[in-house]
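Commentary on secondary and tertiary structure
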Amino acid sequence: MPQHHPRKLSTIEQERITTVRANMERTSVSFGDLADHYHISKTTITFVLTGRYPKELTDTWLTQFEFYLSRKLGVRYIQPYFNDLI
C-alpha cells in the first residue's frame, strides 16, 4: 500500500533509483515501456522511484527494473553509480 508522503530513502536506495533513471534514459525506456512489460501502472513505477512503498517492495521492484534494463543494455547486471552522475 503506498504511503501518502514519501519515506526517507536510504543512500543505497537513492543510488539504485538514480542508476535506474540514468539507464532508462540511456536505453530510451519510458515509464510506459516498463509498465507494459510488467503489466503495472506508470503510477506504480513513480511510487517505487519516490519511496512511497515499503523498503521490501521498493527493493523488489528496483531489482526487477535493474534486470530489465540490464537486458536492454546487454550486460549481466547493473551497478549503482554512487554519485558519479553529479
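These notes cover the structure that comes with them. Owing to the predicted nature of the structure, the values given are computational and were not obtained by experimental measurement.

**Examining the overall build of the protein chain**
If you tally the helices and strands in the protein chain, you get four helices and zero strands. If you list the helices and strands of the protein chain from N to C, you get α-α-α-α. Sorting the 86 residues of the protein chain into buried and exposed places 35% on the buried side. When the accessible area of the protein chain is evaluated, it comes to approximately 5,600 Å², of which 54% is carbon and sulfur surface.

**Here's the deal with the packing of helix α1 (residues 11-27) against helix α3 (residues 42-50)**
Running from N to C, α1 and α3 point in directions that differ by 135°, and their axes come no closer than 9 Å. Comparing their axes, α3 and α1 come out oblique. The residues of α3 that touch α1, namely those facing I17, V20 and R21, are V48, L49 and T50. For the contact of α1 with α3, the residue count by class is four nonpolar, one polar and one charged.

**Describing the nonpolar core**
Formed by 18 residues in total, the largest nonpolar core has its most connected members in V20, L34, V48, L49, F65 and L69. Taken together, the elements giving at least two residues each to this core come down to α1, α2 (31-38), α3 and α4 (55-73). The element best represented in this core is α4, accounting for five residues. If we skip the residues at most four places from it in the chain, V20 touches L49, L62, F65, E66 and L69.

**A closer look at the environment of L73**
Structurally, L73 can be placed in helix α4. Considering only alpha carbons, one finds L73 and R26, 47 residues apart in sequence, at a separation of 8.5 Å.

**Regarding the packing of aromatic side chains**
Applying the stated criterion across every chain, the model contains five aromatic pairs. With a centroid separation of 6.1 Å and an interplanar angle of 55°, the aromatic rings of Y38 and F65 are classed as tilted. Here Y38 is found in helix α2, whereas its partner F65 is found in helix α4, with 27 residues between them in sequence. Assigned by exposure class, Y38 and F65 land together as buried. Site record: aromatic cluster; members linked through ring pairs are Y38, W61, F65 and Y68.

**Observations regarding α3**
Residues of α3 that are buried include every one of T44, I45, V48 and L49, and no others. An end-on view of α3 places all buried positions within 130° of arc, on one side of the element. If you follow the buried residues of α3, they end up packed against α1, α2 and α4. Of the residues one or two after α3, G51 is the one with positive phi, at around 80°.

Basis of the calculations
Residues numbered from 1 in each chain as written. Predicted model: local features only at pLDDT ≥ 70, side-chain atom pairs only at ≥ 80, totals over all residues. Heavy atoms only, no water. Helix = DSSP H or I, 4+ residues; strand = E, 2+ residues; numbered from the N terminus. Buried < 20%, exposed > 50% of the residue type's maximum accessible area, 1.4 Å probe, protein only. Areas by Shrake-Rupley, 256 points an atom, 1.4 Å probe, with all protein chains shown as cover. Axes fitted to C-alpha atoms, helices over the stretch in contact; angles between N-to-C directions. Parallel < 35°, antiparallel > 145°, perpendicular 65-115°, else oblique. Contact = heavy atoms within 4.5 Å. Nonpolar A, V, L, I, M, F, W, Y, C, P; charged D, E, K, R; others polar. Core = buried A, V, L, I, M, F, W, Y, C linked by side-chain atoms within 4.5 Å. Phe/Tyr/Trp six-rings, centres within 6.5 Å; stacked < 30°, edge-to-face > 60°. Arc of directions from axis to C-beta.

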